[in-house]
Amino acid sequence: MASEEMRAIEAIVMQADEPVEPHLLAQLLEVPPARIEELCNELAESYQSDDRGFMLVRVAGGYRFQSHPDLAPYVERFVLE
């Protein structure tokens, strides 16, 4: 079961237009940045082990959601519509 901290990370990253930096997440959740890294790693591993259609990835110094690469053909069709 996901902790409130994990759920908060998901909610924030879901709403963000740009990758969310760990130090900002740490400030918002009032936890150390190292805890954010742990939580994001746990979330990313959880999505991977559940074979989800999306991933939590670290890019440009922050975290964001992106579609799983093996689903690119479906996403491309959607984008082209």
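Residues numbered from 1 in each chain as written. Predicted model: local features only at pLDDT ≥ 70, side-chain atom pairs only at ≥ 80, totals over all residues. Heavy atoms only, no water.

1. Details of the overall build of the protein chain
Within the protein chain, the secondary structure is distributed over 4 helices and 2 strands. N-terminal to C-terminal, the α/β element order of the protein chain is α-α-α-β-β-α. Within the span of the protein chain, comprising 81 residues, buried residues form 22% of the whole. Contacts in the protein chain between residues at least 24 apart in sequence constitute 43% of all its contacts with a sequence separation of at least 6. Summing over all exposed atoms, the protein chain offers an accessible surface of approximately 5,800 Å²; the carbon and sulfur share of this is 52%. Taking the average location of the 6 positive side-chain charges in the protein chain and that of its 16 negative ones, the two points are 3 Å from each other. (Helix = DSSP H or I, 4+ residues; strand = E, 2+ residues; numbered from the N terminus. Buried < 20%, exposed > 50% of the residue type's maximum accessible area, 1.4 Å probe, protein only. Contact = heavy atoms within 4.5 Å. Areas by Shrake-Rupley, 256 points an atom, 1.4 Å probe, with all protein chains shown as cover. Lys, Arg positive; Asp, Glu negative; His and termini not counted. Charge placed at Lys NZ, Arg CZ, Asp CG, Glu CD.)

2. A closer look at the packing of helix H2 (residues 22–29) against helix H3 (residues 33–49)
Following both chains from N to C, one finds H2 and H3 inclined at 105 degrees, their axes separated by 8 Å at the closest point. Taken together, the axes of H2 and H3 lie roughly perpendicular to each other. Mapping the contact onto sequence places Pro22, Leu25, Ala26 and Leu29 in H2 and Pro33, Ile36, Glu37 and Cys40 in H3. Its residues assigned to classes, the contact of H2 with H3 shows 7 nonpolar, no polar and 1 charged. (Axes fitted to C-alpha atoms, helices over the stretch in contact; angles between N-to-C directions. Parallel < 35°, antiparallel > 145°, perpendicular 65-115°, else oblique. Nonpolar A, V, L, I, M, F, W, Y, C, P; charged D, E, K, R; others polar.)

3. What about the packing of aromatic side chains?
In the structure shown here, the tally under the stated rule is 3 aromatic pairs. Summarising the aromatic geometry, the rings of Phe54 and Phe65 are spaced 5.6 Å apart at their centres and angled 85 degrees between planes, so their arrangement reads as edge-to-face. Of this pair, Phe54 sits in strand S1 (residues 54–59) while Phe65 is found in strand S2 (residues 62–67), placing the two residues 11 residues apart along the sequence. One aromatic cluster in this structure is built from Tyr47, Phe54 and Phe65. (Phe/Tyr/Trp six-rings, centres within 6.5 Å; stacked < 30°, edge-to-face > 60°.)

4. With respect to the nonpolar core
Formed by 15 residues in total, the largest nonpolar core has its most connected members in Ile9, Leu25, Ile36, Cys40, Leu43 and Leu56. Top element by residues in this core is H3. It accounts for 5 residues. Ignoring any residue separated from it by four or fewer positions in sequence, one finds Leu43 in contact with Met6, Ile9, Glu10 and Leu56. (Core = buried A, V, L, I, M, F, W, Y, C linked by side-chain atoms within 4.5 Å.)

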